[in-house]
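# A structural walkthrough
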Amino acid sequence: MASWLGGLGSGLGQSLGQVGDSLSSLTGQISSFTKDILLEGAEEVGDAATELHVSNSRLREIESINAAQKFENDRLKKVCSDLEEKHEAAELQIKQLSIEYRNQLQQKEVEISHLKARQNALQEQLQKVQTAAQNSQLGAGVLPAATASASYVPEVRHSSGFERDDMDFGDIIWSQQEINRLSNEVSRLESEVDHWKQIAVSSKIQGTNDAEQSEICKLQNVVKELRQNLSQEIDEHQHELSVLQDAQRQKLVEISRRHREELREYEERIEELETRLQQDGVSTDAMDDSKITEQKKKAQSLDGGQVEELQVVKDLEDEIKKLNHELSSAKAENKNLLKEQEFVKLEKTQIAQDYEKLKSDFNVLQRSVAEQDALLKEQKQLQSKTSLPQDVVNLQQALLEAENEIARLSSLNQGLEKELTSAQHKLENILSSNTEDQNSEINQLRQDLERKEHELDESVAERETLIAELEELDKQNQEATQHMITLKEQLSKQHTETDSIIKQLKVDIDYERKKVSELETEKTKTMKELESQKEKLSHCSYALNDLHVTKQELQDNIKDLQEQLRKAQDCNSQSKKEIGELQQRLKEREEELHVSLSKLTEKSNEESNYTCQDLILKEREVEIAKLQNDVSENKQINEDLQKSLSNLRTENGKLIAAIEELKQELNDAISEKKKVYLEKDTAVEALKMEKRQLQSELNETEKRLLEQAHNYKQTIEELSNARSMDTTALQLEHERLVKLHQEKDFKIAELKRTIEQMETDHQETKEMLTTSLGGQKQLTDLIKEKEVFIEKYKNQALQVKQELEEYIKVSKKQDVLKQNLEEKDRSLAVMKEENNHLKEEIERLKDQQSRSTPGVEPKTLDIIIELESEVTQLKVIKNNLEEEIKVHKKTIEDQNQATVKLQQSLQEQRKEIDESRFQCEQMNVTHERLFLEKDEEIRTLQKTIEQIKSQLHKERQIIQTDSSNLFQETKVQTLNGENGNEKHDLSKAEIERLVKGIKEREMEIKLLNEKNVSLSQQIDQLSKDEVGKLTRIIQEKDLEIQALNARVSSASYRQDVLSLQQQLQAYVLEREQVLAVLSEKTRENSQLKTEYRNIMDMVAAKEAALVRLQEENRRLSSRSENSSQEMSRETIQNLSRIIREKDIEIDALTQKCQTLLTVLQTSSTGADNGAGGVNSNQFEELLQERDKLKQQVKKMEEWKQQVITTVQNMQHESAHLQEELQKLQAQISVESDSTSRLQVDYNGLIQSYEQNEKKLKSFSQELAQVQHSIGQLYNTKDLLLSKLDLVTPPVATASTVSQLAGVQYSPEALSEECKLLQKELEQLKKKLQEKDSTIRTLQENNQRLSDSVATASELERRSQEGTESEMRQIKEKHDVLQKSLREKDILIKSKSDQLLSVSENLSNKENENELLKQAVTNLKERNLILEMDIRKLKEENEKIVARCREKETEFRALQETNMQFSMMLKEKEFESHSMKEKALAFEKLLKDKEQGKTGELNQLLNEVKSMQEKAVTFQQERDQVMVALKQKQMESSALQSEVQHLHEKEQRLNQELERLRNHLLEMEDSYTREALAAEDREVKLRKKVLILEEKLASSSTAVENASHQASLQVESLQEQLNLVSKQRDETVMQLTISQDQVKQYALSLANLQMVLEQFQQEEKAMYSAELERHQKQSAEWKKKAENLEEKVASLQVSLEEANAALDAASRLTEQLDIKEEQIEELKKEGEIRREMLEDVQNKLMNLMNSTEGKVDKLLMRNLFIGHFHTPKNKRLEVLRLMGSILGLKKEELDQLLSEEQRGVTRWVTGWLGGGAGSKSVPSTPLRPTHQNIFNSSFSELFVKFLETESCPSLPPPKLSVHHMKPLGAAGTGKNSSTPPTSQMQDSPVSGMGRRPDANPFLAPRSAAVPLITPASSSGHLLMKPISDALPTFTPLPVSPDASAGAVLKDLLKQ
């Protein structure tokens, strides 16, 4: 119940804590929400867009808060529902428990009532027996069975009550006491019944000898009482046995549990030992089936695991020592057991001697022995059921039997001693009283003694059998010890064997290691040889490279010689020209011809030499090819050698592994050998293939060489042909060759430059790639390190998990220990209670001693001695228990400390894991950044390479174009092309600047992305509420950045915009960016302020919560102390009061009993007269006192119930206090969590603040850089002004015009780009670079212009007048430029002022940031103070918890005192009950005395006295028996504990023996297997070693062969090198010859240069004339270009205007087209409407025509019927009315009426007969407006009537088109639409099956009616009733009483 209530309380506490948490978070959110709303007014936002963003973000925040609140509301509802369900369940359970308790109470009350009824029945039996003894002595045979049955029942009840677990301990004690009391009373009553029966029998047999009979009866009663006492003791012994059996069962269960646990522990130990043994040598069996990977691992473990093996051996030795120690302890225990057995034997001999002395009253003992034997058999059966081994079970049974017999015999000895002493006293009394009875009884006793002697003999035999069994057990024990010794010897043998095996293995390992070292030395040798071969190969490759270089030099020399040849041919042509011109020098010509012929012969020789050189070159090429083939072969051989080396390495590894491997390694080695051979075969085949390919390539090269030889031959023939050519052709070729030579020179120079640029670019790209590769390698290394760290952390986490599991196990063990402690505490409390009871009994016994007679003193002294011995034993037990408690407390404290340390280590490891995760994330981010940067760098490099390639292609194309006039026009083009090139250079520079700017922007975008990443990390550290805001802000910024990127990418940068325009843009953007920076800073400051306010609010809330918690803690502590103290005081006072009242009642009752006794004695001694009245009065007083006592007893029971209820309330209140404590602890944990969150938020804020400070510093540095750059700009401006004063460039005018034109258009474009926020630094840097570039270009232009002016001044001294006019123009332009520069200066000054103001604002912001820093420091201090407060609160909470624990201990002590008081109360109640019973007996005696039976009363009084004495003696005996019982229980418990310990030890030893036996057998098997396996392995290993030696020999031979082949190849290469060196020497000789020829050619070249100089002097004059002409032309072209530019500008303006006009015209045409379409649609609608109108008019006309001249049938019929219905007097009026309707005049009517018969008949006949007059219809229909009286017909009148009827309600309908259209429009506007044209056209054909939605004539009505009648309808319109086809007009109001005549009268009047 208490545990259930505790669980319910904890659940309630948790749920309430959750509710509190959610409520606190709700209140915090509401407060933050209200503060945000209040602070909304404070945040001022400038732009509408930003306001929109802010409002949207706030709306999102409000929505998120709303969602969170809804979620929390739902959660709280769920929590409430859960709590309600728990409450209902708790109520139901409480109801069930209360019902169960009530049922138990009812059962107890029923049992008490049964017992009382039984007592009453027994008392009635007593009375009946007394009456029967007096009157008729009958019916004595039936009673003993009844009494026996009655005496047996309470013990059954007692056992049932004892087995109940639901009742409390105090109730059980009380019930036991009541049962004992009732059984005592029953036994007393039975003894009285037997006494009266014996009196009756003796009175029948011997009437005379009354005194002797009475004595005999007394003696018989004494004997029977002794027998009954014996039977009671036997019953008590049986009860004790049952209790002992239950305890033994429990202990057996515990022993079996412990045994299983120990079995598990030993199994684990054995498994560990087996695993270690397997590690030593057992694992070799499993190696046969294991894989190669496992073999390698094991080989490595064997290499590096010798230390581990030694450690394992040491561990095994330690374990063997431990086992030896345990064996010695087991032997010692066996010795102790043997000693105990000897002691038991001695005790048995003493018991046998006691049996010989004591030979009386043994029948009852025989029964008890038989019962105990049966019980022992049952115990044996129970023990046989347990799942223990047979040996252990046998030992347990034998020990149990021995101990049980010892206990039984000792108890029997004590009982027999007591019984014999009592029997001796009684026998002495009996002998003195009656000798005859003694003789008879002595005979009986002798017979009994003989029986007992037989029984003693049987017990001796049993003892002998037991001794034999013990000897067998000793033998078994000795056998077990011998088996252990043999096992130990076997283990030692196995250990020695394992040591020998390990030594052999070590030797093998050393041998194998030596082999491995030899192999490694061989490997190093081979490696050295390989390195030497590699060095030789590298030397060969160097030689080859030298040869290539020499070949290239030779080719260059050949080219130079060919060029010199051409030059010589040119010289020859010139010389031939001179021969042609100078005929006088014919002889000289002839000589020169001879010389030329000789030269030609030399040239032919040279050509032949060249041919042979070509052949030599071909031969060298062939040799080089051969060398290449040899080198490739060498490389292949090297590769083969490397492969063989790798194979050797693998084979070495396999050799090392082969020490431990089996047959599989041989197979693997064979397969690997096959693979190697296959690889070698494949390598050989590949080499053959390569040889074939090389041969084919050689053949191809030979073919090519042959072709080249043919070509050379052709060239030689062409040269020979060229020799025979004419001199003119030679001259032309000379000129052409000179031009080609110049072109080639130019090309070569340009190509060299491009090659140099490409090489530099290539080197830069190489460096960049190497750096990037290095960075990537570092990154990969870092990633590997991080992976290693992660694996380490994973391993640590696994270890931590394992440690956690171990600590969880330890905590479970702690819980078990705590439970044991609690049980010990309870048992201590019980022992203390028993101690107190014993003390009370000792005091009572002392009182009784002082009161009672000296005959009872020896017994009381024995009891006191026994009690003292018990007290000493209890004290010893108490001390032991206290020591155990201390030990347990220490262990618990140690374990708590260990758990605390573990938790700390766990937390540290978690922190480390979190840090490592954070570092990993940072590393990942940095890796991603680096990868992105590298990718972008690679892209930029690729772009630059592509640009360089494109430029090279362009330059090559430019070079390939015809440049024949280059040499002539170079100077002209340099002068003229400067003006055009300047613009081109400017455009190029601008492109480069733009590219740089884009790159810088990209870089800054990267920086911004990195900043965003860092901000996202900061945001992750911030609180959840701020995360939403920051993520939204970041999303907006990202969107803006994307927009800016899009703009940047889309913005087509104009190449024509010049430097000044860009400067203007830069300054405007600078200003706006600085303003944007300021606005951002203000926003950041406002955000920081809001965050600061939020933090302040949070801190204030936390402080308030802390204060509240402190107050609540104080209140709770004060409440708990006060409540606990008050409760304890009240309970103690109540209990003491109750005990005092009980004592007073008991004293009063004792006094009353004494007075009654005195009254009875006086009444018995005194006379009879006058005694009746007195006795009756006293009796009435006694009855009254009895009633009072009953009332007091009821009150006491009520008091007792109140005390019980108060104790229960105290328990409930303690449970509530515990729940409140748990709630407080939960709140404290919540507060600690919140403080930790605050700390995290605060750290995040500090980090963000520091980053903001860093940003501010970077901004200030950038501002300083900007100011420095502005200063540099000022300096450059001054320099420019000074240079412009000196020289003014001619091109500046056009630039200024274009600049001014650009200035006009630029601000519009700039105003759009002004709103870019986060690119201020980018653009400032860009503008600075652009300014620098513009300044450089201007400086270059100035230098160029100065050079051009100097050259022009030298050349144009003749044309000074033109230059003066140009100078004037230049001065004007210079003034314009100066003005523009001044304007720029003003702008620069304004910008600098703005920059200064911005810097001041920045300083202000920095001051604000410093203030915020101070606020943050204050917050830090507050946070520290709050942490201190929290620590204090935690300490206070811990104190409160300690106080609560003290209170709990006090409660326990109070409960114990309560139990003691309840025990006292029960004893007092028992005494009061006994006093009440005595009072009842006295009342009965008084009644009997009143009846006059004085003699019997005296007898009864004597009997009562004797009975009282007997009761006292019985009570003393009962107390003694109880004390003895307790002693026996203590002894039995001690013996049982010893027996359990012995059993456990024996079980453990037997288990260990069995395990060791099994283990030794397994070890023997395994060692035999291992020995066989080791022999097999040795054989296999030796075979393997032989195979491997053979392999080594083969491999060494192979290596030797390979080295021999390599040496041969090296020799061949050296021979080839010698040949090559010889060829080189020959080529050197040829070079010297060619150099001599070159010198000769140089002389001829000098002559040619002289001629060229003359030509150049002539050409200079030509060039000067052409220069002047070209300058004039250029001036003209400039003017034309200016005019054309102006025209172009005007044309652009006109174009724009024309475009605008065209746009307007296109718009107007579109509008006109739309209008025309609308007009056409409207025309169509008008036509449709006209057609509709015509149809309607036609239909109206038809209606009018059809309705004219027709009369309504109904009206005429009514008139006709009315004429006949009216009386004859008034028929004339009807006829007049009809006439008036038909339009007849009065005169005609009068005439007709005068001629009644004729007129009527005519009229009627004319009317009914249908004459011509009625049928005639007028052909021309008349309108109602043009009617005349003469020609008006009846139909016209009727139509008039209808019109007048329809007039008063509505105006006449208008039928014009103008009125129809708007109605239709209205109809379309409202939901009623006009019918389409198709409907209107088809309506007369299709009929009126369908009705249109709206009628234009009746617009106000809800539904209109069509005017068109269907064409198919037959009959006349007026003759039909009014249907839907006619328009419904509103009718006239007519009264229902009026008849048709009255209506017609009204019509006539109208």
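Everything numeric in this text was worked out from a predicted model, so none of it was measured.

## Let's talk about the overall build of the protein
In terms of regular secondary structure, the protein is built from 31 helices and zero strands. Carbon and sulfur atoms make up 55% of the accessible area of the protein, which totals about 127000 Å².

## Some remarks on a negative patch on the surface
Negative charge collects at one region of the surface, where Glu1710, Asp1713, Glu1716, Glu1717, Glu1720, Glu1721 and Glu1725 lie side by side. Considering the arrangement of structural elements, one finds Glu1725 in helix 22 (residues 1494-1747). Take Glu1725: its relative accessible area is 41%, and that puts it in the partly exposed class.

## Overview of a positive patch on the surface
Judged by side-chain charge, Arg939, Lys943, Lys996, Lys999 and Arg1336 come together as a positively charged surface patch. Elements that contribute at least two residues to the positive patch include exactly helix 14 (857-960) and helix 15 (966-1021). Along the chain, the position of Lys999 falls in helix 15.

## As for the pattern of salt bridges
Under the defined criterion, the tally for this structure stands at 26 salt bridges. Residue Asp1385 is joined to Lys1277 by a salt bridge in which the shortest nitrogen-to-oxygen separation is 2.6 Å. Here the residue Asp1385 occupies a position in helix 21 (residues 1360-1491), and Lys1277 occupies one in helix 18 (residues 1171-1286), the gap between them amounting to 108 residues. You can call Lys1277 buried: its relative accessible area is 13%. For Glu1450, the salt bridge is made with Lys1447, and the minimal N-O distance between the two is 3.9 Å. A residue pair is termed a helical-turn pair when its members lie 3 or 4 positions apart in one helix, as Glu1450 and Lys1447 do in helix 21 at three residues. On the basis of relative accessibility, which here comes to 16%, the residue Lys1447 falls in the buried class. One network of salt bridges, with partners in common, ties together Arg181, Glu185 and Glu1477.

## Things to note about the packing of aromatic side chains
Overall, the coordinates contain one aromatic pair when judged by the stated rule. Taking the centre distance of 4.7 Å and the plane angle of 85 degrees together, the rings of Phe1760 and Phe1764 count as edge-to-face. Pair noted here: Phe1760 and Phe1764 are both in helix 23 (residues 1753-1765), with a separation of four residues, about one helical turn. Against the face of Trp174 rests Lys1200, its NZ or CZ located 5.8 Å from the ring centre. In this structure, Lys1680 is placed above the aromatic ring of Trp1677, and the distance from its NZ or CZ to the ring centre is 4.6 Å.

## Some thoughts on the environment of Ser492
Positionally, Ser492 belongs in helix 10 (residues 435-581). By relative accessible area, which is 38% here, Ser492 ends up partly exposed. A C-alpha to C-alpha distance of 9.0 Å links Ser492 and Ile320, two positions 172 residues apart in sequence.

## Some remarks on helix 23
Between its first and last C-alpha, helix 23 extends 18 Å over 13 residues, near the 18 Å set by a 1.5 Å rise per residue. Listed in full, the buried residues belonging to helix 23 are Leu1755, Met1756, Leu1759 and His1763. One face of helix 23 carries all of its buried residues, which in axial projection span an arc of 95 degrees. Exposed residues pointing more than 90 degrees away from the buried face of helix 23 are listed as Lys1753 and His1765.

## Comments concerning the packing of helix 23 against helix 24 (residues 1771-1782)
It is the contact of helix 23 with helix 24, at a shortest axis distance of 9 Å, that shows an interaxial angle of 160 degrees. By the angle class used here, helix 23 and helix 24 are roughly antiparallel. Between helix 23 and helix 24 lies a crossing whose hand is left-handed. Counted together, Leu1755, Met1756, Leu1759, Gly1762, His1763 and Phe1764 of helix 23 and Arg1771, Val1774, Leu1775, Leu1777, Met1778, Ile1781 and Leu1782 of helix 24 form the full contact between these two elements. Tallied by class, residues from the contact of helix 23 with helix 24 come to ten nonpolar, two polar and one charged.

## Some remarks on the packing of helix 24 against helix 25 (residues 1786-1794)
Two elements in contact, helix 24 and helix 25, have axes whose closest approach is 10 Å; the angle formed by their N-to-C orientations is 140 degrees. On the basis of the axis angle, helix 24 is oblique to helix 25. Read as a crossing pair, helix 24 and helix 25 show a hand that is right-handed. Listed contacts from helix 25 to Leu1772, Leu1775, Arg1776 and Gly1779 of helix 24 are Leu1789, Asp1790 and Leu1793. By residue class, the composition of the contact of helix 24 with helix 25 is four nonpolar, one polar and two charged.

## Some details on the environment of Leu122
Position of Leu122 among the secondary structure elements: in helix 2 (residues 48-134). Residue classification places Leu122 among the buried residues on the basis of a relative accessible area of 9%. The sequence separation of Leu122 and Val193 amounts to 71 residues, and the corresponding C-alpha distance is 9.6 Å. When residues no more than four places from it in sequence are discounted, the contact partners of Leu122 are Val186 and Leu189.

## Re the environment of Ala657
With respect to the element layout, Ala657 can be found in helix 11 (residues 586-657). Taking the C-alpha atoms as reference points, Ala657 and Glu512, separated by 145 residues in sequence, lie 9.7 Å from one another.

## Digging into the confidence of the model for the protein
For the protein, per-residue confidence averages 77 on the pLDDT scale, and residues scoring 70 or more make up 77% of the total. Contacts for the low-pLDDT stretch residues 41-45, under 50 throughout, to residues beyond four places or in other chains number five contacts. Across residues 137-167, confidence stays below pLDDT 50; counting only partners more than four residues off in sequence or on other chains, it has 35 contacts.

The rules we used
- Residues numbered from 1 in each chain as written.
- Predicted model: local features only at pLDDT ≥ 70, side-chain atom pairs only at ≥ 80, totals over all residues.
- Heavy atoms only, no water.
- Helix = DSSP H or I, 4+ residues; strand = E, 2+ residues; numbered from the N terminus.
- Areas by Shrake-Rupley, 256 points an atom, 1.4 Å probe, with all protein chains shown as cover.
- Patch = residues over 30% accessible without salt bridge, like charges linked within 9 Å, V, L, I, M, F, W, Y side chains within 5 Å.
- Salt bridge = Lys/Arg side-chain N within 4 Å of Asp/Glu carboxyl O.
- Lys, Arg positive; Asp, Glu negative; His and termini not counted.
- Charge placed at Lys NZ, Arg CZ, Asp CG, Glu CD.
- Buried < 20%, exposed > 50% of the residue type's maximum accessible area, 1.4 Å probe, protein only.
- Phe/Tyr/Trp six-rings, centres within 6.5 Å; stacked < 30°, edge-to-face > 60°.
- Lys NZ or Arg CZ within 6 Å of the ring centre and 35° of its normal.
- Expected span 1.5 Å × (residues − 1).
- Arc of directions from axis to C-beta.
- Axes fitted to C-alpha atoms, helices over the stretch in contact; angles between N-to-C directions.
- Parallel < 35°, antiparallel > 145°, perpendicular 65-115°, else oblique.
- Left-handed = near helix turned anticlockwise from the far one by under 90°.
- Contact = heavy atoms within 4.5 Å.
- Nonpolar A, V, L, I, M, F, W, Y, C, P; charged D, E, K, R; others polar.
- pLDDT = per-residue confidence, 0-100.

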